[in-house]
Each structure stands twice: as C-alpha cells, then as structure tokens.
Amino acid sequence: MKKLDSPKLSDVEIEDRFWSRYIKLVREKMLPYQWEVLNDRVNDAAKSHCIENFKIAAKESTGKYYGMVFQDTDVAKWLEALAYSLEGKKNSELEKEADEVIDLIGRAQQEDGYLDTYYTIQEPLGRWSNLREGHELYTAGHMIEAASAYYQATGKDGFLKIVCRLADCICNTFGPDEGKIHGCPGHPEIELALVKLYRLTKDEKYLNMAKYFLDIRGSQSPGHFEEEQKMDGFQHIFPEFEHLGYNNIQAHKPIRRQKKADGHAVRALYLYSAMADVGYESRDETLLDACRTLFDNITGAQMFITGSVGAAADGECFTCDYDLPNNYNYSETCASVALAMFSLRMFQVERDGKYMDIAERALYNTVLGGMSLSGTEFFYVNPLEVVPEQLKTNRTLHHVLPSRRKWLGVACCPPNIARTLTGLGNYIYSENEDTLFVNLFIAGKCSVKLKDGTISVSVRTDYPYNGRVKIAVENHECIPFSLAVREPGWTKVERIISKSGKEVLVRREKGYLYTERTVWESGAEFSFEVPLKPVLMCAHPRVASDAGKAAIVRGPLVYCLEEADNGKDLGAVVLDAGGSMEPVFQEDLLGGTTAVLADAWRVSEKGWEGKLYQPVTERLEKCRVKAVPYCMWNNRGEGEMRVWLRVMKEYQENTQ
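Residues numbered from 1 in each chain as written. Predicted model: local features only at pLDDT ≥ 70, side-chain atom pairs only at ≥ 80, totals over all residues. Heavy atoms only, no water.

Undergrad: Please clarify how the overall build of the protein should be interpreted in this entry.
TA: Of regular secondary structure, the protein possesses 18 helices and 23 strands. Taking 656 residues into account, the globule formula puts the C-alpha radius of gyration at 26 Å, and the protein, at 25 Å, falls close to it. Across its three principal directions, the C-alpha atoms of the protein cover 80 × 70 × 50 Å. Among the 656 residues that make up the protein, the fraction classed as buried is 59%. Long-range pairs, those at least 24 residues apart, make up 72% of the contacts in the protein with a sequence separation of at least 6. Surface accessibility of the protein: about 26100 Å² in total, with carbon and sulfur atoms responsible for 48%. (Helix = DSSP H or I, 4+ residues; strand = E, 2+ residues; numbered from the N terminus. Rg over C-alpha atoms; globule rule 2.2 N^0.38 Å. Buried < 20%, exposed > 50% of the residue type's maximum accessible area, 1.4 Å probe, protein only. Contact = heavy atoms within 4.5 Å. Areas by Shrake-Rupley, 256 points an atom, 1.4 Å probe, with all protein chains shown as cover.)

Spelled out as structure tokens, the structure:
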C-alpha cells in the first residue's frame, strides 16, 4: 500500500488561536533571535560561535574551534526551520541571511565534498576516525535535511548541490566494498536524511547508503566501534560517557532484533524514524515489524504522560519498562520532537490513528513546553515535578532547571523546536490518491492535489479550548474523494453532521472516520465535536512514581499545578476524585488559556511543630486548586510545579 503524504507547506495555512501565536513567535521572534545567538550577539546567553566556526573553516577568519563537536547542526536546524517558515510565508530579510550563510557553508566545504567545521579546524587528519562520538554523519544528516527543505521552499539549488557533494563523499567512504569503512554512526540521523535526499533526487545510491547504515548496525563482531578504539592515537571526545554500553548508541544488537526501546532516547527515535522510512521505501517488512514493536513498547511502558521519553540523565536514555520518575526524569525536548517524527512516519505507512494520538500528545505538551511564551528561553530537560530549592541544593538533580535559559551550551533543542513548529503543516493533514486525512484539529486551510484533481478544505475550530470542529469543502473540479477525520483514542466522536443537518454515513477504521468516496460539492460542510471533559488519569500500577496519584488531562493537554496559582508545598495537595473539575477560559492567564479548577484537599501542618515523623494523624483541609496547561508552565517566574498529585475518592475530615 502506498504511504500517505503530507501536503506542501505552501498549501497549508494555519489560522488557529492556539497554534498561530507559537508559529508567529517562531517567525517573528525566535528565528531572528536564534540568528543573533548563532552570531554571539546576545548578552548573557551561552556562547555559540557557530557562524564563526564556518568562517574559520573557510579561512575567512582566524581562531580556534569552539563548541560541541556537533555545533554545525545548530545552524543547520536553524536553516531548516527558516526554510519551512519561508515556504509558508516569505521573508526577504531572513532569506537573504540564509543565502549568505549557505554561501559561507559552501566556502567551508572541502574539495572532496567533506563538510564538518570541527574536523576541518580541530582535527584535519581525524576524519571518520571516531564514528561513535565524532558526530560527523549526524552533522551531515542535519545539513542534508536543511538543504532539502530550503530547495523545496525556494527552488534555489545551491545548498542542495552542496549536500549532494557531501552525500557523495559519504557514499564514496562507507559501504561493504573493499577499501571502504564498514561502520555506521554512533548518533543516527544521516539515515533519515539520506532517504529525504533520495526522495528529492530519485538517486537510489542515497537510499542504499541509508539501508547499509541500518543493516550493519549491531550486526558486526567485534564491530567497527571497538576496532576504532584500538587505533593509534584514539581519544575519547566524551570520556564522561565512556562507561555507557553499546545500547546507548543503538549498537547492542541488530535493529530487527530489538524489542524494547533502549539507550539514548534521541538517537533511538531518529533511528526508528529512519527504519520506518527505509522499511517502506525498500519494502522491508522486517524493519516495519521492528518499528511496530518498538513503538508499542515506548507508548505502552516507557512514555511519560506528557509525551516525553527518556527516564535517566546518565546517557539521556530509556531505562526499563515503567521506570518513569517525575522529578529527575530527563525527557529531552529533542526526544519528543523525535517521537512526533517517528509517529508521523508510522501513521503514513500504517494509517492507524494511534500514531497521531502520540504525535499530538508530544506536540501539545513537551515540544511546546521546551520554549517560553516569549520565544527566547528554552528547556532541554522537561520534568514533571519541580521544587526549586531542591534543584539548587541537591546535585543529583543538577540536570533539571527551575526555569528556562536564554540559550543552552548544548543547543540542539531550540532550533529543533523551531523547525517542528514551522513544519507543523506536515502533521495536520495527509493525503493519498482519493482521500484527505485530517489528523490534527487546527484551524486553517489546506489545498491538495488528488488523483482526479484539486480540492480544498477550510477548518474552523477553537480546539483544544473547545471541541467543536467544522470542515468546509471547495471542490470546483467536482472530483470524487473521501474525507478521513481522526477520532482520538482517548474519546469518541458521536457523529458527523452535514450542512443540511443530516448525519453523515461514516466508516470507522483504525481511529479514523471515513466518509464515502463521492463528489462532495463546494459548500459541503461537516461538523462534529471532540469531547474535551477534564479527566483524572492514573498510571499503570507498575509505575511506582505515580502510585496513588492522578494527573489532570483535558483533550490533548496535560495540566499541572503551579506555585503561582496554588502556593508552595504542592506535594501536600490531594485531588478529590469525586469532586468537580471545571474548565474555565481566562483571557488574562498566560496570554489566554483554559485553566481547570478542581476540588481538592491540602494536608494541614497543624500538629507537626518540631516533628519530622509521627503516627498517621493526617488532617486535610478542603481547597480548590487551579491547573494550567503543562506546556505553559514557568512563564510567571520560578516556582513549584507538579503534574502528578495524590488522589482520594472520599475523606471524612478528622476534627480531633
């Protein structure tokens, strides 16, 4: 079965109260701000030196390399985000800056196509000598993704020619042939980028190279990673991670034999995304079977309720099933971006709504939570519970920040958020020859060319604030088509109503409601409601961190309590499972959002003076708490935050 495709970003228009402010923020503030950061022109922000590294590599400046070994990817992801933005809305000033950077990148490229400022400046004789830690192929992958996006947005092929030379250099260096390197990267990324390049150029050598990197991973004995460490002069770039096993780089076993997500979360999910792409393009069902198994393991046993993944800071990794701590979890923003990427790819192959449920959960919660409402501060780690005093004094929590930062020493997350939000149109709709899929309920318009002609739809909704959705059709060519509307796995859409008030006959299949394939004329309108009642969600009994606790969820949004609304000591709050929960839209709250007011109790501190422990004599005092969307936390100053709270059904107040 042919996979589904996303419409061109230029054919998707977003006019949505919830999302438009974020996308506008990226276009008008975040992209210019990140450009300033990349040029080291933001006071009090972590140094980038990214543009300067390219100038030094191009011999247009002097000095030493600065930054992480993969520092080039910051500008690559910035360019990709900018490309998606330009495809949706032209900006001549940003495009001019992009063209200048691309020219600089071209001047820094070596004669044989090699492109990596760290090795060009720092270790010119060390190319491809440390695949485990050197990130050369990871960096190349992000360059290829950026160039592919820029070509599609502008039609300019200068950047594309640069990365084709780079990809050719890689194909000439790696592979099964004698004289080539028989190895794969420690950090996957090049694989999914090569598939994008294959789809754009139709050159099969790029697909074959991607498949080679997948097939060789974990299948060698003793393996290239071990052999390179025996070479004269080998030095670890990251000696602090030397203790981590091969599972951290997804090389502990062949990928088709992996049954549980393991190791570095971002590396894993970039790898799984590539497996889905290559599995489809090469019709390799064994790769797709592995993807299905790994997806089910992640979402069934290793994913936080906010759509984040990665339990442990040491290795930024998955650990074991049901290990989902709240205050010291890692949950890197990039990992949620990668989970959304993997979910979209699996949906387009499988046409199963469960994948878009997860993409939606990640996008609405952790991806957005990684940035401030100002667009200029960012989280790398996304905890589900914060007590600032603990973070400042307990070194075991050193990786968790109580507030966002202007920039990050390892700055992969900010531009990753930017490219995800400017590319949001890739997630909203999908299409095949005769069906338009509405995956996310986001107001706006979309035009797609199906097999028999072009149709357009206009979506009106105030989701996730309320669940009413209307989809109007324009079909001037009078072509037959079907509309497929996602029915979220966490609720049930009762019925779809036509403009005339009649119920539309639909077929339910894998989380989607399909209308019949017919000539839906211009002016046809479909309306339905996605129930958005707040609910208390509990975790699997084996999730020890959440035993006896519940989280407030409304539609795709996970909620949290903040000190700004509820005072300190949020751990003393006990939700009333039998009480009321009322959604209330507040214009003056966080730029306008829906809060949830909930009945609760608070543990009294009366009788505890001078005591740390005593027999159970817990006294609870009735209270009303306010919960706000998790994605918006920490926008009103530093303070406590908590997603999971103790919960009880009934309580007889102790008056003794």
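Now that the structure is up, let's keep going.
Undergrad: I would appreciate a short explanation of the pattern of salt bridges in the present structure.
TA: Side chains carrying opposite charge are able to pair once their charged atoms draw close together. In the structure shown here, the tally under the stated rule is 46 salt bridges. A salt bridge links E587 to R17; the nearest nitrogen and oxygen atoms lie 3.8 Å apart. In this pair, E587 sits in the loop between strand 19 (581-586) and strand 20 (593-603) while R17 sits in the loop between strand 1 (12-14) and helix 1 (20-38), placing the two residues 570 residues apart along the sequence. Where salt bridges share partners, they join E80, E145, K196 and R419 into one cluster. (Salt bridge = Lys/Arg side-chain N within 4 Å of Asp/Glu carboxyl O.)

Undergrad: Help me understand the sheet that holds strand 11 (residues 497-498), please; the structure alone is not making it clear to me.
TA: Adjacent strands of a sheet pair through backbone hydrogen bonds, lying either parallel or antiparallel. Pairing in this open sheet of six strands is antiparallel, and the strands run 1-7-8-9-14-11 from one edge to the other. In the strand order of this sheet, the two ends are held by strand 1 and strand 11, each with one partner. Judged from the three bridges that link them, strand 1 and strand 7 (residues 444-450) form a sheet pairing that is antiparallel. Bridge assignment links E13 to a residue of strand 7, and that residue is K445. (Pairing = 2+ DSSP bridges.)

Undergrad: Just checking my understanding: could you explain helix 1 for this structure?
TA: Residues that lie three or four places apart on an α-helix share one face, since the helix turns once every 3.6 residues. Between its first and last C-alpha atoms helix 1 spans 25 Å; for 19 residues at 1.5 Å apiece the expected length is 27 Å, and the two agree. The principal kink in helix 1, of about 45 degrees, is found at V26. Buried residues of helix 1: Y22, I23, L25, V26, M30, L31, Y33, Q34, W35, V37 and L38, and no others. In the core, the buried residues of helix 1 are packed alongside strand 1, helix 2 (50-57), helix 3 (72-88), helix 4 (92-108), helix 14 (353-369) and helix 16 (413-422). Trailing helix 1 by a residue or two, D40 shows a phi angle of about 60 degrees, which is positive. (Expected span 1.5 Å × (residues − 1). Bend = angle between axes of the 7 residues up to and from the residue.)

Undergrad: Would you mind showing me how to read the packing of helix 9 (residues 204-216) against helix 11 (residues 265-281) here?
TA: Two packed helices can be described by the angle between their axes and the distance between those axes. Following both chains from N to C, one finds helix 9 and helix 11 inclined at 125 degrees, their axes separated by 10 Å at the closest point. Taken together, helix 9 and helix 11 sit at an angle that is classed as oblique. Crossing hand, helix 9 versus helix 11: left-handed. Residues L207, A210, K211 and L214 of helix 9 form the contact with helix 11, whose own contacting residues are L271, A274, M275, V278 and E281. Of the residues assigned to the contact of helix 9 with helix 11, the class counts are seven nonpolar, no polar and two charged. (Axes fitted to C-alpha atoms, helices over the stretch in contact; angles between N-to-C directions. Parallel < 35°, antiparallel > 145°, perpendicular 65-115°, else oblique. Left-handed = near helix turned anticlockwise from the far one by under 90°. Nonpolar A, V, L, I, M, F, W, Y, C, P; charged D, E, K, R; others polar.)

Undergrad: How should I be thinking about helix 12 (residues 285-302) in this particular structure?
TA: Taking 1.5 Å of rise per residue, the 18 residues of helix 12 would be expected to cover 26 Å, and the 24 Å separating its terminal C-alpha atoms lies within 8% of that figure. L287, L288, A290, C291, R292, L294, F295, N297, I298, A301 and Q302 are the residues of helix 12 that are buried. Considering only its buried residues, helix 12 is in contact with helix 9, helix 11, strand 3 (317-318), helix 13 (333-350) and helix 14.

Undergrad: Can you walk me through unusual backbone geometry in this structure?
TA: With glycine set apart, most residues show a phi of negative sign, and most peptide bonds adopt trans. Of the consecutive residues Y463 and P464, the connecting peptide bond is found in the cis state with omega at 10 degrees. Along the chain, the position of P464 falls in the loop between strand 8 (453-461) and strand 9 (468-474). Here R283, not a glycine, exhibits a phi torsion of approximately 55 degrees, which is positive. Along the chain, the position of R283 falls in the loop between helix 11 and helix 12.

Undergrad: I keep staring at the sheet that holds strand 12 (residues 506-509) and nothing clicks. Help me out?
TA: One open sheet accounts for five strands, arranged 5-6-10-13-12; its pairing is mixed. Among the strands making up the open sheet, the edge pair consists of strand 5 (429-431) and strand 12. When the angles between neighbouring strand axes are averaged without regard to direction, this sheet yields 20 degrees. Across three bridges, strand 10 (residues 482-486) lies against strand 13 (residues 512-515) in antiparallel orientation. Bridge pairing in strand 13 links V485 to L513. Lying on the sheet, helix 14 is in contact with strand 10 and strand 13; it crosses strand 10 at an angle near 55 degrees.

Undergrad: Just checking my understanding: could you explain the side chain of R419 for this structure?
TA: Checked against the element boundaries, R419 lands in helix 16. Residues in contact with R419, not counting those within four places in the same chain, are K77, E80, A81, Y84, H142, E145, Y270 and M341.

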